[in-house]
Amino acid sequence: AAGVIQSPRHLIKEKRETATLKCYPIPRHDTVYWYQQGPGQDPQFLISFYEKMQSDKGSIPDRFSAQQFSDYHSELNMSSLELGDSALYFCASSPGRVNEKLFFGSGTQLSVL
Amino acid sequence: SQQGEEDPQALSIQEGENATMNCSYKTSINNLQWYRQNSGRGLVHLILIRSNEREKHSGRLRVTLDTSKKSSSLLITASRAADTASYFCATDDDYKLSFGAGTTVTVRA
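Quick summary incoming for the structure in this document. (Residues numbered from 1 in each chain as written. Chains lettered and ligands numbered in written order. Predicted model: local features only at pLDDT ≥ 70, side-chain atom pairs only at ≥ 80, totals over all residues. Heavy atoms only, no water.)

Regarding the interface of chain B and chain A
When the parts come together, some accessible area is lost, and that loss is often what is quoted as the size of the interface.
Here comes step 1: Between chain B and chain A, the contact holds 22 residues from the first and 22 residues from the second.
Here comes step 2: For the pair chain B and chain A, the summed buried area comes to about 1,800 Å², and 49% of that belongs to carbon and sulfur atoms.
Here comes step 3: Where D56 of chain A meets K96 of chain B, a salt bridge forms, and the shortest distance between an N and an O atom there is 3.4 Å.
Here comes step 4: Inspection of the region where chain B meets chain A yields 7 residue pairs in polar contact (both at pLDDT 80 or more).
Here comes step 5: Every element with two or more residues in the side of chain B that touches chain A is listed here: β4 (31–37), β5 (43–50), β9 (85–93) and β10 (96–99) of chain B.
Here comes step 6: Among the residues forming the side of chain B that touches chain A, the class breakdown is 8 nonpolar, 8 polar and 6 charged. (Contact = heavy atoms within 4.5 Å. Buried area = accessible area lost by both parts, 1.4 Å probe. Salt bridge = Lys/Arg side-chain N within 4 Å of Asp/Glu carboxyl O. Polar contact = N/O pair within 3.5 Å; in protein donor to acceptor, adjacent residues only side chain to side chain. Helix = DSSP H or I, 4+ residues; strand = E, 2+ residues; numbered from the N terminus. Nonpolar A, V, L, I, M, F, W, Y, C, P; charged D, E, K, R; others polar.)

Right, here's the structure in full:
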């Protein structure tokens, strides 16, 4: 069965650079969520999209932006990277906005040097 | 964490033993879910319990929910080495999930 695809798997950036993370949800899933997980921490909600519109917004810095495209894939754009942005970034998808089961990708490990 | 704490933070048990972990949350919920995460990997949904349910089973997993105490427990019976992972509870929070702090379980062979 198809799963949530995230790319790249690993990303190394310098401070003040930009990064773009991509997420391809499971086919026919119209809701995408982005989470950030620091080392030893619980996943923190960043932002979500339903039917290509922003659905909910969490603790996402103004330096970050995201969107969901017509094919339902989503991109998280991160600018002016800081050391504290180093984390695992997960994308998850679900059919609809029902919050009953999220399917997570394998994540993108971002290291900011 | 927006939804409170998990207890204990870490648990080490022998293969074959049971593992119990607890989760507390702060707001009213429609459902509570448990997820497993292997080191550095994505989270995998294990089980969902609705606010009007008190107990649910799935294979070797047993989940309880006490809405009056705003708490839930996850029991893994007859643990295996492959159960070594971090376990997170998550509650529905508007149109997203809020995760607890997680319990790291190590099953020794």
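Anyway, onward from the coordinates.
Notes on the sheet that holds strand β8 (residues 71–76) of chain B
Residue and element names in this part refer to chain B.
Here comes step 1: Taken in spatial order, the 5 strands make up an open sheet running β1-β3-β8-β7-β6, and their pairing is antiparallel. At either end of the open sheet lies a strand with only one pairing partner, and these are β1 (6–7) and β6 (55–58).
Here comes step 2: Judged from the 2 bridges that link them, β1 and strand β3 (residues 19–24) form a sheet pairing that is antiparallel. Bridge pairing in β3 places E6 opposite C23. (Pairing = 2+ DSSP bridges.)

Description of the pattern of salt bridges
Residues and elements named next belong to chain B.
Here comes step 1: Summed over the entire model, instances satisfying the criterion amount to 8 salt bridges over all chains.
Here comes step 2: Of the charged contacts, one joins R60 and D83 as a salt bridge, the two residues approaching to 2.9 Å between their closest N and O atoms. Within this pair, whereas R60 is found in the loop between β6 and β7 (61–66), its partner D83 is found in the loop between β8 and β9, the two being separated by 23 residues in sequence.
Here comes step 3: Exposure remark for D83: the relative accessible area of 7% places this residue in the buried category. (Buried < 20%, exposed > 50% of the residue type's maximum accessible area, 1.4 Å probe, protein only.)

Side note on the sheet that holds strand β8 (residues 74–78) of chain A
Residue and element names in this part refer to chain A.
Here comes step 1: Spatial strand order, β1-β3-β8-β7: 4 strands in an open sheet with antiparallel pairing. At either margin of the open sheet sits one strand with a lone partner, and together these are β1 (5–7) and β7 (64–68). On average, adjacent strands in this sheet sit at an angle of 15° to one another, irrespective of strand direction.
Here comes step 2: Sheet topology note: the β7/β8 ladder contains 5 bridges and is antiparallel. Residue pairing for β8: Q67 is matched across the bridge by E75. (Axes fitted to C-alpha atoms, helices over the stretch in contact; angles between N-to-C directions.)

Let's talk about the layout of surface pockets
Here comes step 1: Roughly 480 Å³ of volume is contained in the largest pocket.
Here comes step 2: As for the largest pocket, its lining consists of 25 residues, and the residues nearest its centre are Q37, G40 and Q41 of chain A together with S86 and F88 of chain B.
Here comes step 3: For the lining of the largest pocket, the class distribution of residues is 7 nonpolar, 16 polar and 2 charged.
Here comes step 4: Here the second largest pocket is characterised by a volume of approximately 180 Å³.
Here comes step 5: Taken together, 15 residues line the second largest pocket, and the ones lying closest to its centre are F103, F104 and G105 of chain A together with L43 and V44 of chain B.
Here comes step 6: Of all the secondary structure elements, the ones that give two or more residues to the lining of the second largest pocket are β10 (103–104) of chain A together with β5 of chain B.
Here comes step 7: Looking at the lining of the second largest pocket, the element that brings in the most residues is β5 of chain B, giving 3 residues.
Here comes step 8: Residue composition of the lining of the second largest pocket, by class: 8 nonpolar, 5 polar and 2 charged. (1 Å grid on protein atoms, 1.4 Å probe; cavity = no way out; pocket = protein on both sides within 12 Å on 5 of 7 lines; lining within 4 Å. Points joined across faces, edges and corners; volume = space filled by probe spheres on them.)

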